[in-house]
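Structural overview for review
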Amino acid sequence: MIEQIQTYFYEERGDEIGEIAAESFLEFMTEELGPHFYNKGIEDAKNLVEQKVMNIDEDLLALERPIK
């Protein structure tokens, strides 16, 4: 990641940054953006589980037998 950050800064801004600066930038971005990505992952997982539970409910209802 450090090399990718350095390359990005050079290609996009024409600035060369050292390894320590790139590490600091990565740490900052991780602290600032990490929780957003984590929460999005949790939200996606929750939606997937809810969808699976709905499918199970539908499948179980389809198995019910009529009562005379």
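The paragraphs below set out a description of the structure included in this document. Keep in mind that what you see is a predicted model, and the values were worked out from it rather than measured. (Residues numbered from 1 in each chain as written. Predicted model: local features only at pLDDT ≥ 70, side-chain atom pairs only at ≥ 80, totals over all residues. Heavy atoms only, no water.)

1. A closer look at the overall build of the protein chain
- The number of helices and strands found in the protein chain is two helices and zero strands.
- Relative to a compact globule of 68 residues, whose C-alpha radius of gyration would be 11 Å, the protein chain shows 24 Å and is clearly more extended.
- Along the first, second and third principal axes, the C-alpha set of the protein chain runs to 80 × 20 × 15 Å.
- Every one of the 68 residues in the protein chain was classed for burial, and the buried ones make up 6%.
- Mean positive and mean negative side-chain charge positions of the protein chain (6 and 17 charges, respectively) differ by 21 Å. (Helix = DSSP H or I, 4+ residues; strand = E, 2+ residues; numbered from the N terminus. Rg over C-alpha atoms; globule rule 2.2 N^0.38 Å. Buried < 20%, exposed > 50% of the residue type's maximum accessible area, 1.4 Å probe, protein only. Lys, Arg positive; Asp, Glu negative; His and termini not counted. Charge placed at Lys NZ, Arg CZ, Asp CG, Glu CD.)

2. Topic: the pattern of salt bridges
- Counted according to the given criterion, the structure contains two salt bridges.
- Residues Glu 50 and Lys 46 are paired through a salt bridge, measuring 3.8 Å at the closest nitrogen-oxygen approach. A residue pair is termed a helical-turn pair when its members lie 3 or 4 positions apart in one helix, as Glu 50 and Lys 46 do in helix H2 (residues 19-63) at four residues.
- Looking at Lys 46, the relative accessible area reads 51%, which means it is exposed. (Salt bridge = Lys/Arg side-chain N within 4 Å of Asp/Glu carboxyl O.)

3. A closer look at H2
- With 45 residues, H2 should cover 66 Å at 1.5 Å per step; its first-to-last C-alpha distance of 61 Å lies within 8% of that length.
- The largest bend along H2 measures about 45° and falls at Leu 33, with the proline Pro 35 one to four residues further on. (Expected span 1.5 Å × (residues − 1). Bend = angle between axes of the 7 residues up to and from the residue.)

4. Let's talk about a nonpolar patch on the surface
- Together, Ile 56, Leu 60 and Leu 63 give the surface a local cluster of nonpolar side chains, amounting to about 320 Å² of exposed area.
- Here Leu 60 shows up in helix H2. (Patch = residues over 30% accessible without salt bridge, like charges linked within 9 Å, V, L, I, M, F, W, Y side chains within 5 Å. Areas by Shrake-Rupley, 256 points an atom, 1.4 Å probe, with all protein chains shown as cover.)

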